[in-house]
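Structure at a glance
Chain by chain, the residues:
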There are 2 protein chains.
Amino acid sequence: MESRIDRIKKQLHGASYKLTPQREATVLVLLEHEEDHLSAEDVFLLVKEKAPEIGLATVYRTLELLTDLKVVDKINFGDGVSRYDLRQEGAAHFHHHLICIECGTVDEIQEDLLGDVEKIVESRFEFAIKDHWLTFHGICKRCKSDVDEGEK
Amino acid sequence: MESRIDRIKKQLHGASYKLTPQREATVLVLLEHEEDHLSAEDVFLLVKEKAPEIGLATVYRTLELLTDLKVVDKINFGDGVSRYDLRQEGAAHFHHHLICIECGTVDEIQEDLLGDVEKIVESRFEFAIKDHWLTFHGICKRCKSDVDEGEK
DNA sequence: CTTTCTGCAAACCTTTTGCATCCAT
DNA sequence: ATGGATGCAAAAGGTTTGCAGAAAG
């Protein structure tokens, strides 16, 4: 059976990029931290555990390459750092994010909730949508119940 | 009649900030470029025309202050620069953006299209939404018709 | 073999900060 | 008068780039 990493490798290969150990280690780290929103520095430190000789510049170059291939999405939550988020396999659009302003946690919504909104935008503004970025800021489930506890 | 700039001034005053000429000039520039998405540098150059002695650091400090007061929203379209966008007076939520991947134009949608989506998010994920950021990438009306022209 | 990739360090850019001076209130 | 605000220059991030050597295909 073909694994996810194999398919990503094939994608690299197909675009005539070389399969170096550094690139493989970087992809592996991203797969192992699929739920997280790692910065380039985060990825660098994690890849270093597998390939200690890797340089930060290589990580940046690999992440840019994976962004071009749409394997990852590059996002910016406004804290001055770019973060790299693995795209769901075959997903047409980028998933949504919930950022808690209390605890800072970032949760993901994989389900696409924008179908109807996109129909409106496409027709009303004659805009052909290729992708979207949707982020909500608010209080997450966990922090809300902390408040409830405090009020008891 | 009270003008928009007067109300912003009052807001500054109310939060016990001083009304300096530099701050006034910055607010003025933002009002004059309401449709644009200016970076700090852009604002700096425009403010310099009114107040040539202003420093870039002051512009940054003023923009941060206006962001705290929710007069402007700080956004990042992923090009490594923060941009500052005047919020509609009294708007509860930040407006949406349409970025054209052909010509780079950024259009705004002032109307809030996320009402239904937010209800779903609030109930299904028990997340109390305070604000949202929604951006679409695609081909704008103008570029689409350029293509049509080309095909004729 | 050839071309691409890597690591290192330097360069770059945007944003922030320290500090002496200035100025609204 | 006096505490906050400014301008300047330096510092501080994060990211990109040039280059010589290494290695994948």
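Everything below is about the structure shown above.
Read on for a plain summary of the structure. Everything numeric in this text was worked out from a predicted model, so none of it was measured.

DNA strand C sits among 20 residues. The nearest are Thr 20, Gln 22, Thr 58 and Arg 61 of chain A together with Tyr 60 of chain B. Backbone atoms, meaning sugar and phosphate, form 69% of the atoms of DNA strand C found within 4 Å of the protein. Between a phosphate oxygen of DNA strand C and a side-chain N or O atom of Arg 23 of chain A, the distance comes to 2.9 Å. Between DNA strand C and Ile 54 of chain A there is a distance of 3.4 Å, counted from a phosphate oxygen to a backbone nitrogen or oxygen. Elements with a contribution of two residues or more to the surface near DNA strand C: α2 (21-32) and α4 (56-68) of chain A together with α4 (56-68) of chain B. Of the residues that constitute the surface near DNA strand C, the class distribution is eight nonpolar, six polar and six charged.

Now for the interface of chain B and chain A. A common way to state how big an interface is: give the accessible area lost once the parts meet. Contacts between the two partners involve 32 residues from chain B and, on the opposite side, 32 residues from chain A. Taken together, chain B and chain A are joined by four salt bridges. Across the salt bridge formed by Glu 126 of chain A and Lys 141 of chain B, the nearest N and O atoms sit 3.7 Å from each other. At the boundary of chain B with chain A, the tally comes to 14 residue pairs in polar contact (both at pLDDT 80 or more). Those elements that place two or more of their residues in the side of chain B that touches chain A are β4 (96-100), α5 (115-124), β6 (128-139) and α6 (141-151) of chain B. The leading source of residues in the side of chain B that touches chain A is β6 of chain B, at twelve residues. The residue makeup of the side of chain B that touches chain A, split by class, is 19 nonpolar, five polar and eight charged. Relative to β6 of chain B, strand β6 (residues 128-139) of chain A is paired through eleven bridges, and the arrangement is antiparallel. Looking across to β6 of chain B, one finds that Leu 134 of chain A is bridged to Leu 134 of chain B.

Parameters and conventions
- Each chain carries its own residue numbering, running from 1 in the written order of its sequence.
- The naming scheme follows written order: chains are lettered A onward, ligands numbered 1 onward.
- Two thresholds apply to this predicted model, a pLDDT of at least 70 for residue-level local features and 80 or more for giving and counting side-chain atom pairs, whereas whole-chain, interface and lining totals are computed over all residues.
- The side-chain quantities take in all heavy atoms of the structure and omit both hydrogens and water.
- To be near a molecule or strand, a residue needs just one of its heavy atoms within 4 Å of it.
- Identification of polar contacts relies on pairs of N or O atoms within 3.5 Å, with a donor-acceptor requirement for protein atoms, meaning one able to donate a hydrogen and the other able to accept it, and with residues adjacent in sequence counted only if both atoms are side-chain atoms.
- By definition, any uninterrupted DSSP run of H or I lasting at least four residues is a helix, any uninterrupted run of E lasting at least two residues is a strand, and each is numbered from the N terminus.
- Three classes are used, and their members are as follows: Ala, Val, Leu, Ile, Met, Phe, Trp, Tyr, Cys and Pro are nonpolar, Asp, Glu, Lys and Arg are charged, and the others, Gly among them, are polar.
- When checking whether two residues touch, look at their non-hydrogen atoms; a contact exists if any pair is within 4.5 Å.
- Throughout this description, the term salt bridge denotes a Lys or Arg side-chain nitrogen within 4 Å of a carboxyl oxygen of Asp or Glu.
- Two strands qualify as a pair provided that DSSP identifies no fewer than 2 bridges between them.

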